[in-house]
Amino acid sequence: MQSGFPNAVYTGVSARENGMTKAVRIMGLAAAMSGLVLAGGCVPLKSHQGYIIDADLVNSVQPGVDNRASVLQTLGKPTIASQFNEGEWYYVARDSRNLAFRLPRAQTQVALKLTFNQAGVVQSITRTGMDQVAFVTPYGKTTPTLGRQRGFFEDLFGNIGAVGAAGTGGGPGGGGGGGGDDSRP
């Protein structure tokens with residue numbers, strides 16, 4: 001096939017077909033890029049909450065030897081202090097993991113419980129792990145209640161006619177304001 005140009009080479013692909021292949025390449029590249037971005041949301045996220053446990057520091061605290069001031073200096077401020085008798089301090093550390101939009105799930109947990117006597121000296125150190133973690137799964141979407149079961153239409157139309165009815169305090173003289181002297185501003 002001859003073109004209007006003497007030295008032109010015919011490639012067999014028209015300009016329209018060349019534009020179509022370019023558009024297909026761009027769409028394929030865009031689809032691949034969006035797939036990579038979406039796949040990035042499926043990467044598991046790891047997090048740490050609470051106290052960062054240093055085994056050497058924890059092992060340096062000795063029952064019968066250390067007091068509150070020395071524990072505070074060695075381990076730092078506790079995660080939780082007892083509310084009632086100030087006899088217990090808790091240091092809690094948790095490593096959790098979640099995938100995409102799911103809620104975090106505890107992988108490891110360490111809780112140190114330091115018990116003090118009345119003089120403020122360490123009495124005991126207790127270490128617990130995942131055995132103390134409770135996984136609670138709610139049952140159903142509603143909370144069961146005592147009494148009768150009301151349907152949708154009873155909830156929607158149940159109060160029609162009740163407002164302003166005799167004996168309900170909504171009419172004249174019913175007040176509805178707590179029963180005081182209404183003459184004062």
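Residue numbering note: each chain is counted from 1, following its sequence as written. Where totals are concerned, whole chains, interfaces and linings use all residues; where local detail is concerned, this predicted model gives features only for residues with pLDDT of at least 70, and gives and counts side-chain atom pairs only at 80 or more. Excluding hydrogens and water, the side-chain figures rest on all heavy atoms present in the structure.

### Brief notes about the packing of aromatic side chains
Only centres within 6.5 Å qualify two rings of Phe, Tyr or Trp (six-membered ring in Trp) as a pair; their planes then separate them into stacked at under 30 degrees, edge-to-face at over 60, and tilted for everything else. Tallied over the entire structure, the rule returns four aromatic pairs. Ring centres 4.9 Å apart and planes at 70 degrees place the aromatic pair tryptophan 89 and phenylalanine 116 in the edge-to-face group. Taken as a pair, tryptophan 89 in strand β3 (residues 88-99) and phenylalanine 116 in strand β4 (residues 105-116) lie far apart in primary sequence, 27 residues in all. Partly exposed describes any residue whose relative accessible area lies between the buried limit of under 20% and the exposed limit of over 50%, with all areas from a 1.4 Å probe on protein chains only and scaled to the type maximum. Assessed through its relative accessible area of 12%, tryptophan 89 is described here as buried. Note on phenylalanine 116: relative accessible area 5%, which makes it buried. Following the ring pairs from residue to residue traces out a cluster consisting of Phe152, Phe153 and Phe157. We call a charge positioned above a ring when the Lys NZ or Arg CZ atom is no farther than 6 Å from the ring centre and deviates by at most 35 degrees from the ring normal. Taking the ring centre of phenylalanine 116 as reference, the NZ or CZ of arginine 68 above it sits at 4.9 Å. Strands here are runs of E lasting at least two residues and helices are runs of H or I lasting at least four, both read from the DSSP assignment and numbered beginning at the N terminus.

### Considerations on the nonpolar core
For our purposes a nonpolar core is just a set of buried Ala, Val, Leu, Ile, Met, Phe, Trp, Tyr and Cys residues, chained together by side-chain atoms within 4.5 Å. Core analysis: the largest hydrophobic core is formed by 11 residues, namely Tyr51, Val58, Val61, Val71, Leu75, Trp89, Tyr91, Leu112, Leu114, Phe116 and Val122. Elements with a contribution of two residues or more to this core: α3 (68-75), β3 and β4. Here this core takes three residues from β4, the largest share from any one element. Those residues within four positions of valine 61 in sequence are excluded, and the remaining contacts are Asp66, Val71, Thr74, Leu75, Leu114, Val122 and Ile125. Residue contacts follow a heavy-atom distance rule, with two residues in contact if any of their heavy atoms lie within 4.5 Å.

### Description of the side chain of threonine 115
Among the structural elements, threonine 115 can be located in strand β4. Judged by its relative accessible area of 16%, threonine 115 is buried.

### A closer look at the confidence of the model for the protein
Reading predicted coordinates in detail is not appropriate for stretches of low pLDDT. Note: pLDDT gives the predictor's confidence per residue, expressed from 0 to 100. Here the protein shows a mean pLDDT of 77. Residues at 70 or above account for 75%. Of the regions scoring below 50 in pLDDT, residues 174-180 engages in three contacts with residues more than four places distant in sequence or in other chains.

### Some thoughts on the pairing of strand β5 (residues 122-128)
Within a regular strand, the side chains alternate between the two sheet faces. With six bridges connecting them, β4 and β5 associate as antiparallel partners. Note that in β5 the partner of threonine 115 across the bridge is serine 124. Between the antiparallel neighbours β4 and β5 lie five residues, among them glycine 120 with a positive phi of about 85 degrees. When DSSP finds at least two bridges between two strands, those strands are taken to pair.

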